[in-house]
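Chain by chain, the residues run as shown.
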Amino acid sequence: MDVDGVPPSPSPISNAVVVGNQCWISGQLSVGDDGAYVPGSTMEEAKRAFAHVFRIAEAAGFSAADIVYVDLAFIDLADVKDINRLYAELFPEGQRPARTIYQAAKLPFGGRIKVQAIAAR
């Protein structure tokens with residue numbers, strides 16, 4: 001699925017797959033319009049990655065409020081506290097998705113965080 005504002009992946013994958021009432025969104029990194037990695041702080045990279053996740057969900061007919069699960073891969077778990085603040089801003093209390101966090105040995109392009117999600121209605 002091609003999504004306005006989300007560059008195509010250099011890998012042979014779909015941005016998302018819709019199965020019934022669920023939308024499985026592939027892992028998103030901090031990339032610019034040209035698909036090149038945009039380095040920054042973990043917060044800056046997370047904001048870009050979440051923006052891609054939300055655009056993909058919308059293009060598939062879902063909204064941010066439909067996101068029920070988020071998977072976050074960090075290069076450094078010391079950044080979780082900062083990303084928790086962003087998470088609380090993006091997902092209002094009472095509508096926060098379940099999530100998993102973990103530290104990855106390495107992310108593509110030297111990224112600091114990867115965000116993937118599942119939406120359901």
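Residues numbered from 1 in each chain as written. Predicted model: local features only at pLDDT ≥ 70, side-chain atom pairs only at ≥ 80, totals over all residues. Heavy atoms only, no water.

This next bit is on the overall build of the protein chain. For the protein chain, the count of helices and strands is 2 helices and 5 strands. The helix and strand sequence of the protein chain, counted from the amino end, reads β-β-α-β-α-β-β. Against the 2.2 N^0.38 benchmark of 14 Å for 121 residues, the protein chain shows a C-alpha radius of gyration of 13 Å, consistent with a compact globule. The principal-axis extents of the C-alpha atoms in the protein chain amount to approximately 35 × 35 × 20 Å. Across the 121 residues in the protein chain, those meeting the buried criterion constitute 40%. Look at the contacts in the protein chain between residues 6 or more apart in sequence, and 74% of them connect residues 24 or more apart. (Helix = DSSP H or I, 4+ residues; strand = E, 2+ residues; numbered from the N terminus. Rg over C-alpha atoms; globule rule 2.2 N^0.38 Å. Buried < 20%, exposed > 50% of the residue type's maximum accessible area, 1.4 Å probe, protein only. Contact = heavy atoms within 4.5 Å.)

For the rest of this paragraph, the subject is the layout of surface pockets. Its boundaries defined by the atoms lining it, the largest pocket holds a volume of some 260 Å³. Lining the largest pocket are 16 residues; nearest its centre among them are Ser9, Pro10, Gly27, Leu29 and Phe109. Grouping the amino acids of the lining of the largest pocket by side-chain chemistry returns 9 nonpolar, 6 polar and 1 charged. (1 Å grid on protein atoms, 1.4 Å probe; cavity = no way out; pocket = protein on both sides within 12 Å on 5 of 7 lines; lining within 4 Å. Points joined across faces, edges and corners; volume = space filled by probe spheres on them. Nonpolar A, V, L, I, M, F, W, Y, C, P; charged D, E, K, R; others polar.)

Take a nonpolar patch on the surface next. A contiguous nonpolar patch, built from Val17, Val19 and Trp24 and spanning about 280 Å² of accessible area, is present on the exposed surface. Of note, Trp24 is situated in strand β2 (residues 22-28). Classification of Trp24 as partly exposed rests on a relative accessible area of 43%. (Patch = residues over 30% accessible without salt bridge, like charges linked within 9 Å, V, L, I, M, F, W, Y side chains within 5 Å. Areas by Shrake-Rupley, 256 points an atom, 1.4 Å probe, with all protein chains shown as cover. Salt bridge = Lys/Arg side-chain N within 4 Å of Asp/Glu carboxyl O.)

Position of Glu45 among the secondary structure elements: in helix α1 (residues 42-59). Despite its burial, Glu45 pairs with no opposite charge; the closest candidate is Arg112, at 5.2 Å N-O. Here Glu45 is in contact with Ser30, Tyr37, Val38, Pro39, Gly40, Gly111, Arg112 and Ile113, once residues within four sequence places are set aside. (Lys, Arg positive; Asp, Glu negative; His and termini not counted.)

Right, let's talk about the pairing of strand β5 (residues 113-120) for a bit. When you tally the buried positions in β5, you get 6 out of 8 residues, the bulk of the element. Pairing of β2 with β5 involves 5 bridges; the strand directions are antiparallel. Counterpart to Trp24 in the pairing with β5 is Ile118. Looking at chain direction, strand β3 (residues 67-74) and β5 are connected through 7 bridges and run antiparallel. Paired with Val70 across the two strands is Ala117, which belongs to β5. (Pairing = 2+ DSSP bridges.)

So, about the environment of Leu72. Here Leu72 lies in strand β3. Residue Leu72 is classed as buried on the basis of its relative accessible area, which comes to 0%. Put simply, Leu72 and Ala117 are 45 residues apart on the chain and 8.8 Å apart in space, counted from C-alpha to C-alpha.

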